[in-house]
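Coordinate analysis (summary)
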Amino acid sequence: MLKGETPKGKPLNGKTALVTGSTSGIGLAIARALANEGAQIVLNGLGDEAQIAALCDELGARYHGANLLDPAAIEEMMRAIGPVDILVNNAGMQHVSPVEDFAPEKWDAVLALNLSAVFHTTRLAVPHMKANGWGRIINTASAHSKVASPYKCAYVATKHGLAGFTKTVALELAQSGVTANCISPGYVWTELVEGQIPDTMAARGLSREQVIDDILLAKQPTKSFVQVEQVAAMAVFLCGDQAANITGANWSIDGGWTAE
Ligand code: NAD
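These lines cover the structure that appears in this document, whether it is placed above or below.

This part covers helix α2 (residues 49–59). Of all the positions in α2, only Ile 52, Leu 55, Cys 56 and Leu 59 are classed as buried. Relative to the axis of α2, the buried residues are bounded by an arc of 100° and lie together on one face. Close packing links the buried residues of α2 with α1 (25–36), β2 (40–44) and β3 (62–64). Sitting at the amino-terminal end of α2 is Asp 48, which places a side-chain oxygen 3.3 Å from the backbone nitrogen of Ala 50. Once α2 ends, the next one or two residues include Gly 60, with phi positive near 60°.

Okay, the side chain of Thr 121 next. Note on placement: Thr 121 falls in helix α4 (residues 104–132). In contact with Thr 121, not counting residues within four places along its chain, are Ile 74, Met 77, Met 78, Leu 87 and Asn 89.

So, about the packing of α1 against helix α8 (residues 228–239). Following both chains from N to C, one finds α1 and α8 inclined at 50°, their axes separated by 8 Å at the closest point. Put simply, α1 runs oblique to α8. Where α1 crosses over α8, the handedness of that crossing is right-handed. Side by side, α1 and α8 meet where Gly 25, Ile 26, Ala 29, Ile 30, Ala 33 and Leu 34 of the first sit next to Val 228, Glu 229, Val 231, Ala 232, Ala 235, Val 236 and Cys 239 of the second. Across the contact of α1 with α8, the residue classes break down as 11 nonpolar, one polar and one charged.

Reading guide: rules and limits
- Just so you know, the residues in each chain are numbered from 1, in the order the chain's sequence is written.
- Per-residue local features are limited, in this predicted model, to residues with pLDDT of at least 70; the limit for side-chain atom pairs, both in listing and counting, is 80 or more; totals at the level of whole chains, interfaces and linings are taken over all residues.
- As a convention, hydrogens and water are excluded, and side-chain values are obtained from all of the structure's heavy atoms.
- Burial status follows relative accessibility: with a 1.4 Å probe on protein chains alone, a residue under 20% of its type maximum counts as buried, one over 50% as exposed, and anything between as partly exposed.
- A helix here means a DSSP run of H or I that spans at least four residues, while a strand means a run of E at least two residues long, and both kinds are numbered starting from the N terminus.
- When we speak of the arc, we mean the arc of directions from the helix axis to the C-beta atoms.
- By definition, residues are in contact when any of their heavy atoms lie within 4.5 Å.
- For the purposes of these results, a polar contact is taken to be a pair of N or O atoms within 3.5 Å, where, inside protein, one atom must be able to donate a hydrogen and its partner to accept one; residues adjacent in sequence count only when each atom of the pair is a side-chain atom.
- Whenever a helix is involved, its axis is fitted only over the stretch in contact; in every case the axis is a line through C-alpha atoms, and angles between N-to-C directions fall within 0 to 180 degrees.
- Oblique is the label for any angle not covered by the other classes, which are roughly parallel (under 35 degrees), roughly antiparallel (over 145) and roughly perpendicular (65 to 115).
- In this scheme the crossing of two helices becomes right-handed for a clockwise turn of the near helix relative to the far one and left-handed for an anticlockwise turn of less than a right angle.
- Note on residue categories: nonpolar means Ala, Val, Leu, Ile, Met, Phe, Trp, Tyr, Cys or Pro, charged means Asp, Glu, Lys or Arg, and polar means any other residue, Gly included.

Below is the structure:
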């Protein structure tokens, strides 16, 4: 719920939504959109304390700063924030390197954040959703849950894994009023994309412009970056009653990338 608004008359009034990795990028856009629909938001992610406090004020949100690389911190967060009705597993990281040079500690970190953290938040959120007969689990996957690109072995492995995890959970919860779906964006202009440009330049020996035009947008037939608000709109739709029979799906928002 946005600051200053009355709690009546919005579709997600009375629902608590935890959005992981919502201090920037796609997660923040999803948190804003769900707040706009009346949900009570719990933000999570890394970042500057003052900026996060300003976001909490803007969205009327709570915040928990659990580092999702640590399962014990996830357990503490889920206990501290209480039951959630909408779980958006969005936090994620990228590392770009040829497989033979891929640092094992980077592999472990990408798996911990992009995949294991989703398992932990989900297992801890599901009992309340089942007992309540209503819940929405939305996982930010990626076009890389369907296709691969070189030099992203950990990311592609985790996003493919996330798609499989989501389908499994959807089947287990199919008769409980709880849905589980993936949203799979192509390239969205956020800090995550900005941050991988230098490594991609190094790995492929390309200029910044070549990485943007020849590597990133080369994948997207529309030749334009996906907007964070477009991803957030899909998340809002999946939370609605109209989406009650959509479960186990993996929604592409990728400008046609995975149609090829
Ligand atoms: P981003 O870097 O803007 O946001 C990542 C968020 O995760 C931030 O809030 C950050 O603080 C948080 N985070 C990072 N490490 C964390 C940790 N250890 N514990 C808790 N929070 C942590 O990136 P984004 O582009 O908005 O990415 C969000 C999701 O979207 C990711 O899962 C990413 O894989 C996916 N995605 C992004 C794109 C894209 O092009 N940007 C495309 C497809 C999928």
